[in-house]
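Listed here are the chains, written in short residue letters.
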Amino acid sequence: HRFHSDQPRHDSESVDGLRAALEAMRGEGYELAALDVVVAGLREGAPFPRPTVAFTIDDGYRDFLELGADAFAAYDCPATVFLATGFIDGDLWLWWDQIDWILQSAPRRTVEWTLGSGGMFDLGPMGSRLDIAERFWEDCKGVGSARRQAVIQELAEQCGVQLPKTPPADFAPLSWDEVRALEGRGFTFGPHTVSHPILARLDHPTALAEIGDSWARVREEVSAPLPIFAYPNGQSGDFGDREIRALDEHGLVAAVTTEQAYAEPRRVSQVGDERFRIPRFDYPGHVHPTLQITSGLEALVRRVRR
Ligand SMILES: [Zn+2]
C-alpha cells in the first residue's frame, strides 16, 4: 500500500503513525525481522525466542522511497516490497488507481455503473467519493481484466476525462534504479505478478506467465531477489494448487497471503504446502491496534467476541 505524510490520501498509511507503531514495538522488545529470516524460522518449525514481526509492502509504489523507507530505516526495521513488475516496467498503472483518479478528477455528475448490482451513482462533491471508489473496486475484482478495463474506460468517458497512459505522480511506481538503491539500504524485493490479476480467475497459461515473468523480471533487475511471492488480493479463493505448483517449480520457497492470522512455525514446517500460504495481518494504521495484533491480544479479542 501507499504512504502519506500530512495530507491523508485515499488508501494510504500515515508515516507518523508508522513511526509511532515501530517505536512502540521496539519499546516492547519485539524483534523486527526480515521476511526471509522469519520464513526460514517458520520452516524450521521451532518457536521464535521473542515475538517477531516482519513488515511487507505490496505493489511497488514510489512513495515507499519518498516516505516509507525513512521510517523503517529510522527504527532499523527491514521491510520487503512485493513488486507488480509490469507496473515497475512502466507498462501499466494499477486499475484501482485508475478508478480512483477518474473519480477524483471528474466534475460532479451522475454515472451509470454496470458491474455488480449496477446502478446510477451521484458522484457528489469532490473528496467525498471514497465509498463509491471502494464499491467499484469490489465489483471489479469479480470480473476478468478485459471486462474490467472496458468498464473503467466507459467510466472515464461518462466523466468526461481522459485516462493518462502512464500513472500521474500520485500513483507512480518505483523505478528499477530506485529499487536497487533501496536494496543498498537493506530492503528486499520479491515478485507480485506482472499485472496484478487475481490468479485463480486466469486461464492456465496466463496464470503461469504472470508468476514466471514477474519472477524473471525481479531476478533480472534486483541484486538479491527474494524468492518469496505475494498473491494479488491474497484471499483463499484467489489462488490454488495450480499457483502453488508453479511457484515451487520456479524455485520460489514461500508465498504470503492476506489471510488475517499469525504465522505458526509448527504449522508451516509440518503441513505440506503451508509455506505457500503464510498469512499476514493488514497493518491497522495506528499504534494501539498494531500492538494488539503483535502482542497476540487480537486472537483473544476475536475469541471473546465470537
Ligand atoms: Zn497488491
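Remember, predicted model here, so these are calculated numbers, not experimental data. (Residues numbered from 1 in each chain as written. Predicted model: local features only at pLDDT ≥ 70, side-chain atom pairs only at ≥ 80, totals over all residues. Heavy atoms only, no water.)

## Regarding the coordination of the zinc ion
Thinking step 1. Binding of the zinc ion to the protein goes through D59 (OD), H192 (NE2) and H196 (NE2), at separations of 2.0 to 2.1 Å.
Thinking step 2. Within one chain, the residues donating to the zinc ion are spaced in sequence as D-x132-H-x3-H. Of the two residues, D59 sits in strand β5 (residues 55-59) while H192 sits in the loop between β9 (188-191) and α9 (204-221), which places them 133 residues apart along the sequence.
Thinking step 3. Under the relative-accessibility criterion, D59 is labelled buried at 4%.
Thinking step 4. Taking the relative accessible area as the measure of exposure, H192 reaches 1% and is therefore buried. (Donors = N, O, S within 2.8 Å, 3.2 Å for Na, K, Ca; no water. Helix = DSSP H or I, 4+ residues; strand = E, 2+ residues; numbered from the N terminus. Buried < 20%, exposed > 50% of the residue type's maximum accessible area, 1.4 Å probe, protein only.)

## A short note on the nonpolar core
Thinking step 1. Counting residues in hydrophobic clusters, the biggest one holds 76 residues, and the most contacted among them are F55 and F72.
Thinking step 2. The residue makeup of this core includes at least three contributed by each of domain 1 (2-91 + 170-305) and domain 2 (96-159). (Core = buried A, V, L, I, M, F, W, Y, C linked by side-chain atoms within 4.5 Å. Domains from an automatic or database assignment.)

## A word on the pattern of salt bridges
Thinking step 1. For the structure shown, the criterion picks out 18 salt bridges.
Thinking step 2. The residue E66 makes a salt bridge to R62 at a minimum N-O spacing of 2.4 Å.
Thinking step 3. Its relative accessible area of 44% is what places E66 among the partly exposed residues.
Thinking step 4. A salt bridge links R108 to D122; its shortest N-O distance comes to 3.0 Å. Linking R108 in the loop between α5 (95-105) and β7 (110-113) with D122 in strand β8 (residues 119-122), this pair joins segments that are 14 residues apart in sequence.
Thinking step 5. Taken together, the salt bridges that share partners define one network made up of D89, D177, R180, R217, E220 and E221. (Salt bridge = Lys/Arg side-chain N within 4 Å of Asp/Glu carboxyl O.)

## Overview of the domain arrangement of the protein chain
Thinking step 1. If you check the domain split of the protein chain, you get domain 1 (2-91 + 170-305) and domain 2 (96-159).
Thinking step 2. Between domain 1 and domain 2, the buried area comes to about 960 Å², and carbon and sulfur atoms account for 54% of it.
Thinking step 3. There are four residue pairs in polar contact (both at pLDDT 80 or more) connecting domain 1 and domain 2.
Thinking step 4. Split into classes, the residues belonging to the side of domain 1 that touches domain 2 amount to three nonpolar, three polar and four charged. (Buried area = accessible area lost by both parts, 1.4 Å probe. Polar contact = N/O pair within 3.5 Å; in protein donor to acceptor, adjacent residues only side chain to side chain. Nonpolar A, V, L, I, M, F, W, Y, C, P; charged D, E, K, R; others polar.)

## A few points about the packing of helix α1 (residues 15-27) against helix α3 (residues 63-74)
Each pair of packed helices gets described by two things: the angle between the helix axes and the distance between those axes.
Thinking step 1. At their nearest, the axes of α1 and α3 sit 9 Å apart, and the two run at 15° to each other. Taken together, the axis directions place α1 and α3 in an arrangement best described as roughly parallel. As for how α1 packs across α3, the hand of that crossing is right-handed. Along its contact with α1, which presents V15, L18, R19 and L22, the element α3 presents L67, G68, D70, A71, F72 and A74.
Thinking step 2. Across the contact of α1 with α3, the residue classes tally to seven nonpolar, one polar and two charged. (Axes fitted to C-alpha atoms, helices over the stretch in contact; angles between N-to-C directions. Parallel < 35°, antiparallel > 145°, perpendicular 65-115°, else oblique. Left-handed = near helix turned anticlockwise from the far one by under 90°. Contact = heavy atoms within 4.5 Å.)

## Things to note about the pairing of β7
Thinking step 1. Where burial is concerned, the two faces of β7 differ: the one with V111 and W113 is buried and the one with T110 and E112 is not.
Thinking step 2. Sheet topology note: the β7/β8 ladder contains four bridges and is antiparallel. Within β8, the residue paired with W113 across the bridge is G119.
Thinking step 3. What sits between β7 and β8 in their antiparallel hairpin is a turn of five residues, with G116 showing a positive phi close to 60°. (Pairing = 2+ DSSP bridges.)

## Some thoughts on the pairing of β5
For a regular strand, side chains alternate in direction, first toward one face of the sheet and then toward the other.
Thinking step 1. Of all five residues in β5, four are buried; the element is thus mostly enclosed.
Thinking step 2. Strand direction decides the pairing type here: β5 and strand β6 (residues 79-83), joined by five bridges, are parallel. Within β6, the position partnered with I57 by the bridge is V81.
Thinking step 3. Read from β5 through α3 to β6, the crossover connection turns out right-handed. (Right-handed = clockwise from strand over helix to strand, strands pointing away.)

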